[in-house]
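# Commentary on secondary and tertiary structure
Spelled out, the chains give:
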Amino acid sequence: MTARAYGSFDTPEAFIDAMVALRPAVAAFDCDGTLWFGDAGAKFFYWEIEQGLIPTGVTQAIMQRYDEYLAGRVSEDEMCGEMVQIHRGIQEKKIREYVSRFVRSNVMPHVFPEMKTVLDQLRRKECDIWAVSSTNNWVIEEAVKDLGIAANRVLAVRVAIENGVATDRLGEITSGRGKARALRNVLKKPLDVSFGNSIFDLEMLQLAKHPIPVNPNNDLRQIAEDRGWRYYQPAVAKLSVPIV
């Protein structure tokens, strides 16, 4: 596979045209690092603590757990779940109000333009589009609604809501193998194409007829090259993004 500025493609337009030419009936997109630059889940975690949404006692405990996660002593699945469970006892309406403010300032300005165009084009072709993420469903639902993906097409980490209040009862963990498992549980047709940027998207990519890594981490890029997968490096990746 010849290295190019945009991965396996000569130009962003070539990537877009190639994706549309696949004419997929069903497509799945990872979100953080794939539809937009950066990890919205991690950013929101720090942001909501700074904004005072999470009680102090809970904050201290979860920060210790996050340090353990960064040190490799807490699994990805465990951390993804706990980062949603910390909202236990908070009104969902309040959570969504904070999320709306966060997404407007910290996610939407950093959507990869090429990916938005691909989404727009596939939607016009009546493709069934799913967003799959290990970030909490509140952030993902808020972010992808402006990209034309409905909340009922979002597979993300969530907790049960009772009487308008978040509980700590987790739903399915949509990280790593959980992404592919969640898709298998909901899809009525085969997955034609999937997009992801990290090793945690590998099973979801393998599930599709056409796996397309986007903005891939080094390990996923190596896998793509070894397997002869086409991959795409977005033209715009804003590396210095303030969290406001």
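Above this text you will find the structure in question.
Attention here is on the structure that accompanies the text.

About the criteria used
- Residues numbered from 1 in each chain as written.
- Predicted model: local features only at pLDDT ≥ 70, side-chain atom pairs only at ≥ 80, totals over all residues.
- Heavy atoms only, no water.
- Core = buried A, V, L, I, M, F, W, Y, C linked by side-chain atoms within 4.5 Å.
- Buried < 20%, exposed > 50% of the residue type's maximum accessible area, 1.4 Å probe, protein only.
- Helix = DSSP H or I, 4+ residues; strand = E, 2+ residues; numbered from the N terminus.
- Contact = heavy atoms within 4.5 Å.
- Pairing = 2+ DSSP bridges.
- Axes fitted to C-alpha atoms, helices over the stretch in contact; angles between N-to-C directions.
- Parallel < 35°, antiparallel > 145°, perpendicular 65-115°, else oblique.
- Left-handed = near helix turned anticlockwise from the far one by under 90°.
- Nonpolar A, V, L, I, M, F, W, Y, C, P; charged D, E, K, R; others polar.

This paragraph deals with the nonpolar core. Judged by nonpolar contacts, the single largest core of 62 residues is most densely connected at F15, F29, L35, W36, V144 and F195. Here this core takes six residues from helix α2 (residues 40-50), the largest share from any one element. Setting aside chain neighbours within four positions, we find F29 in contact with L35, M115, V118, L119, L122, I129, W130, A131, V132, F195 and M204. V26, A28, A182 and L187 belong to the second largest nonpolar core, which has eleven residues in total.

Spatially, β3-β2-β1-β6-β7 is the arrangement adopted by the five strands of the open sheet, whose pairing is parallel. Of all the strands in the sheet, the pair left with one neighbour each is β3 (154-157) and β7 (210-213). Geometrically, the sheet is characterised by an average inter-axis angle of 15 degrees between neighbouring strands, direction not taken into account. In this structure, strand β1 (residues 26-30) lies alongside strand β6 (residues 193-196), joined through three bridges in parallel fashion. When the bridges of β6 are listed, F29 appears paired with F195. Together, β1, β2 (128-136) and β3 form the strand contacts of helix α8 (residues 177-186), whose direction differs from that of β2 by roughly 140 degrees.

The subject of this paragraph is the packing of α2 against helix α3 (residues 56-70). Look at α2 against α3: their axes get within 12 Å of each other, and the N-to-C directions meet at 155 degrees. On the basis of the axis angle, α2 is roughly antiparallel to α3. Note that α2 runs across α3; the crossing there is left-handed. Residues A42, F45, Y46 and I49 of α2 touch α3, and the partners they reach there are T59, I62, M63, Y66 and L70. When the residues that make up the contact of α2 with α3 are grouped by side-chain class, the tally is eight nonpolar, one polar and no charged.

Time to look at the environment of L183. With respect to the element layout, L183 can be found in helix α8. Along the backbone, L183 and S134 are 49 residues apart, and their C-alpha atoms lie at a distance of 13 Å. Residues in contact with L183, not counting those within four places in the same chain, are A28, W130, V132, L155, L191, M204 and L207.

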